[in-house]
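A structural walkthrough
Below are the chains, spelled out letter by letter.
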Amino acid sequence: MKQGWIDDTRLAEIPREKLERLKYLADSTDATDRTHQMQILTAMIRNPDRLKLNFTKKETDLLMSVLKEYASPKELNMLSQAMRMFHKSSY
């Protein structure tokens, strides 16, 4: 992920603490393989309370729209997969 997404002014309404946790998690998975990254994303979606990453739908939509601008094609693909799983688990 390109640097600077966390300071994007459009994210100002999301508590900084949530963004910091998300950044830490993203940074810690950068060096891992794709399978492990998807396992982490799946865990986040299934148990957001456990990771203390409880984003509202509005926050999630905003975050995704911003992250898409900072993500590489590979990261975009993973984000899309994660969002599909998120939407399936929300029903």
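Residues numbered from 1 in each chain as written. Predicted model: local features only at pLDDT ≥ 70, side-chain atom pairs only at ≥ 80, totals over all residues. Heavy atoms only, no water.

1. A look at the overall build of the chain
The helix and strand inventory of the chain stands at five helices and zero strands. Counting from the amino terminus, the chain carries its helices and strands in the arrangement α-α-α-α-α. Among the 91 residues that make up the chain, the fraction classed as buried is 37%. Considering only contacts within the chain whose residues lie at least 6 apart along the sequence, 67% involve residues at least 24 apart. (Helix = DSSP H or I, 4+ residues; strand = E, 2+ residues; numbered from the N terminus. Buried < 20%, exposed > 50% of the residue type's maximum accessible area, 1.4 Å probe, protein only. Contact = heavy atoms within 4.5 Å.)

2. With respect to the pattern of salt bridges
Under the definition given, this model contains eight salt bridges. For Glu13, the salt bridge goes to Lys58, with nearest N and O atoms at 3.5 Å. With Glu13 in the segment before helix H1 (16-29) and Lys58 in helix H4 (residues 57-70), the pair connects residues that are 45 residues apart, well separated along the chain. Accessibility assignment for this pair places Glu13 and Lys58 in one class, exposed. The partner of Glu20 in a salt bridge is Arg16, with the nearest N and O atoms 3.0 Å apart. Of this pair, Glu20 and Arg16 are both found in helix H1, four residues apart, which corresponds to roughly one turn of the helix. Judged by relative accessible area, which is 37%, Glu20 ranks as partly exposed. It is possible to trace a salt-bridge network through shared partners that takes in Asp7, Arg16 and Glu20. (Salt bridge = Lys/Arg side-chain N within 4 Å of Asp/Glu carboxyl O.)

3. Overview of the nonpolar core
Trp5, Leu11, Ile14, Leu19, Leu63 and Leu67 are the most contacted members of the largest nonpolar core, which totals 16 residues. Only H1, H4 and helix H5 (73-89) provide two or more residues apiece to this core. The leading source of residues in this core is H4, at six residues. Setting aside residues up to four positions removed in sequence, Trp5 forms contacts with Leu11, Leu19, Leu22, Lys23, Leu63, Val66, Leu67 and Tyr70. (Core = buried A, V, L, I, M, F, W, Y, C linked by side-chain atoms within 4.5 Å.)

4. Quick word on the environment of Trp5
Its place among the elements puts Trp5 in the segment before H1. Classification of Trp5 by relative accessible area gives buried; the value is 6%.

5. Considerations on the side chain of Glu59
Relative to the helices and strands, Glu59 resides in helix H4. A polar side-chain atom of Glu59 sits 2.9 Å from the main-chain amide nitrogen of Thr56. Setting aside its immediate chain neighbours within four residues, Glu59 contacts Ile14, Pro15, Lys18 and Asn54. (Polar contact = N/O pair within 3.5 Å; in protein donor to acceptor, adjacent residues only side chain to side chain.)

6. Considerations on H4
Compared with the 20 Å implied by 1.5 Å per residue over 14 residues, the 20 Å span of H4 between its first and last C-alpha is a close match. When H4 is considered as a whole, its buried residues turn out to be Glu59, Thr60, Leu62, Leu63, Met64, Val66, Leu67 and Tyr70. (Expected span 1.5 Å × (residues − 1).)

7. Describing the confidence of the model for the chain
Considering every residue of the chain, the mean pLDDT works out to 77; 70% of them sit at 70 or more. Least confident of the elements in the chain is helix H3 (residues 48-51), whose mean pLDDT is 62; most confident is H4, at 87. (pLDDT = per-residue confidence, 0-100.)

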